[in-house]
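# Breakdown of the fold
Listed below are the residues making up each chain.
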Amino acid sequence: MQLQKIKLFMYFPPEKTDKPITYRLVKDYDLMFNILQAQIQPNKKGRLMAELEGTAENIEKGLQYLKDQGVQYRIFNKNIIWHEEKCVHCGACTAVCPSRALSMDRNEWKLTFDHSKCLICELCVKACPLNAMDVNIFL
Ligand code: SF4
Ligand code: SF4
């Protein structure tokens, strides 16, 4: 069975921040849930950026569950591409990357890019002097 992966921002209303919503997504819809960034405090608005992985059907059901719970979400329709052939491994992009998706291998002095940690903030795109970081938009 083919699995799909989506990245999304979720906005929790204050009365939902202490509910086990993410747990239910995993348990009831068999989705893998990878939290990339979280700002959640009890009884305050919460924000979560995460990756969801599962069958297309389960992802759809999981998104419907979020809607039913009053959780708003926004699915990302873009990702960041690293054009390795243009990169000179100067490290400038690592200084602005807030999630450490970009880091330097200090032994080989080479850039590494961990896509799973990327928040798609696009700061590296602006920081790279050689246009080696790019935004890819898909529908
Ligand atoms: S700023 Fe550009 S050239 Fe420098 S390490 Fe990052 S991607 Fe490579
Ligand atoms: S888009 Fe943002 S989080 Fe992703 S690699 Fe670039 S600087 Fe890091």
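Please refer to the structure placed before this passage.
Attention in this report is confined to the structure presented alongside it. Only a predicted model underlies this, so the values are computations on that prediction, with no experimental measurement involved. (Residues numbered from 1 in each chain as written. Chains lettered and ligands numbered in written order. Predicted model: local features only at pLDDT ≥ 70, side-chain atom pairs only at ≥ 80, totals over all residues. Heavy atoms only, no water.)

A word on the overall build of the chain. Scanning the chain from terminus to terminus reveals four helices and eight strands. Listed N to C, the secondary structure of the chain is β-α-β-β-α-β-β-α-β-β-α-β in terms of helices and strands. With respect to the three principal axes, the spread of C-alpha positions in the chain is 50 × 40 × 30 Å. Classification of the 139 residues of the chain by burial places 37% in the buried group. Taking the intrachain contacts of the chain between residues at least 6 apart in sequence as the baseline, contacts between residues at least 24 apart amount to 66%. When the accessible surface of the chain is split by element, carbon and sulfur atoms take 49% of a total near 8,800 Å². (Helix = DSSP H or I, 4+ residues; strand = E, 2+ residues; numbered from the N terminus. Buried < 20%, exposed > 50% of the residue type's maximum accessible area, 1.4 Å probe, protein only. Contact = heavy atoms within 4.5 Å. Areas by Shrake-Rupley, 256 points an atom, 1.4 Å probe, with all protein chains shown as cover.)

All chains considered together, the criterion is met by three aromatic pairs. Where Phe9 meets Tyr11, the ring centres are 6.0 Å apart and the plane angle is 25°; that geometry is what we call stacked. On the basis of an interplanar angle of 45° and a centroid distance of 5.6 Å, the ring pair of Tyr29 and Tyr65 is categorised as tilted. A residue pair is termed long-range when its members are at least 10 positions apart, and Tyr29 in helix H1 (residues 21-29) and Tyr65 in helix H2 (residues 56-68) qualify at 36 residues. Cluster of aromatic residues (ring-pair linked, three or more members): Phe9, Tyr11 and Phe76. (Phe/Tyr/Trp six-rings, centres within 6.5 Å; stacked < 30°, edge-to-face > 60°.)

Let us look at the environment of Glu85. When you line up the elements, Glu85 lands in the loop between strand S5 (78-82) and helix H3 (92-96). Assessed through its relative accessible area of 65%, Glu85 is described here as exposed. C-alpha separation for the pair Glu85 and Ala132, spaced 47 residues apart in sequence, amounts to 7.9 Å.

With that settled, the discussion passes to the site of ligand 1. Taken together, 13 residues lie around ligand 1, and Cys87, Cys90, Gly91, Cys93 and Cys128 are the ones closest in. Counted by class, the shell around ligand 1 contains eleven nonpolar, two polar and no charged residues. (Near = heavy atom within 4 Å. Nonpolar A, V, L, I, M, F, W, Y, C, P; charged D, E, K, R; others polar.)

Attention now goes to the pattern of salt bridges. Taken as a whole, this structure holds three salt bridges when the rule is applied. Notably, a salt bridge pairs Asp28 with Arg24, separated by 2.8 Å at the nearest N-O pair. Here Arg24 and Asp28 lie together in helix H1, a separation of four residues that amounts to about one turn. One salt bridge in this structure joins Glu122 and Lys78, with 2.6 Å as the shortest N-O distance. Placement of the pair is Glu122 in the loop between strand S7 (110-113) and helix H4 (123-127) and Lys78 in strand S5, with a sequence separation of 44 residues. (Salt bridge = Lys/Arg side-chain N within 4 Å of Asp/Glu carboxyl O.)

The next thing to look at is the pairing of strand S3 (residues 46-54). Judged by how many residues are buried, S3 sits mostly within the fold: seven of nine residues are covered. Of the pairings in the sheet, the one linking strand S1 (residues 4-12) to S3 comprises nine bridges and is antiparallel in character. Following the sheet pairing, Tyr11 is matched in S3 by Arg47. The sheet contact formed by strand S2 (residues 32-39) and S3 spans seven bridges and is antiparallel. Paired with Ala38 across the bridge in S3 is Leu48. Here S2 folds back onto S3, and the loop between the two strands holds six residues, one of which, Asn43, carries a positive phi near 65°. (Pairing = 2+ DSSP bridges.)

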